[in-house]
Amino acid sequence: MVLSIIDKLNEWIDPFKAWIIKNHGNPVMWLAFVLIGILAFSIVFGALHRNGE
């Protein structure tokens, strides 16, 4: 069961990994990844510190 989940994840990740390797020099892609990371951090940080206001 677990092995099939890992195999399925590898099937999904391989095209994405190939796309990243193909576009590694695109600054817009890296800017989007940074902005998505900051947004995710902000959401998680806000959810964890909601009771401490």
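Residues numbered from 1 in each chain as written. Predicted model: local features only at pLDDT ≥ 70, side-chain atom pairs only at ≥ 80, totals over all residues. Heavy atoms only, no water.

(A) Just the packing of aromatic side chains, in detail. Within the structure shown, the criterion is met by 4 aromatic pairs. Relative to Trp19, the ring of Phe16 lies with its centre 6.2 Å away and its plane at 25°, an arrangement referred to as stacked. Note that Phe16 and Trp19 are positioned in helix α1 (residues 2-22) at a spacing of 3 residues, about one turn of the helix. These aromatic residues form a ring-pair network of at least three members: Phe16, Trp19, Trp30 and Phe33. (Phe/Tyr/Trp six-rings, centres within 6.5 Å; stacked < 30°, edge-to-face > 60°. Helix = DSSP H or I, 4+ residues; strand = E, 2+ residues; numbered from the N terminus.)

(B) Focus on helix α2 (residues 27-48). An ideal rise of 1.5 Å per residue puts 32 Å on 22 residues; α2 measures up with 31 Å between its terminal C-alpha atoms. The N-capping residue of α2, defined by a side-chain oxygen 3.1 Å from the backbone nitrogen of Val28, is Asn26. (Expected span 1.5 Å × (residues − 1). Polar contact = N/O pair within 3.5 Å; in protein donor to acceptor, adjacent residues only side chain to side chain.)

(C) Focus on a nonpolar patch on the surface. A contiguous nonpolar surface patch, about 600 Å² in accessible area, is contributed by Met1, Ile5, Leu9, Trp12 and Ile13. Tracing the sequence through the fold places Ile5 in helix α1. Classification of Ile5 as partly exposed rests on a relative accessible area of 45%. (Patch = residues over 30% accessible without salt bridge, like charges linked within 9 Å, V, L, I, M, F, W, Y side chains within 5 Å. Areas by Shrake-Rupley, 256 points an atom, 1.4 Å probe, with all protein chains shown as cover. Salt bridge = Lys/Arg side-chain N within 4 Å of Asp/Glu carboxyl O. Buried < 20%, exposed > 50% of the residue type's maximum accessible area, 1.4 Å probe, protein only.)

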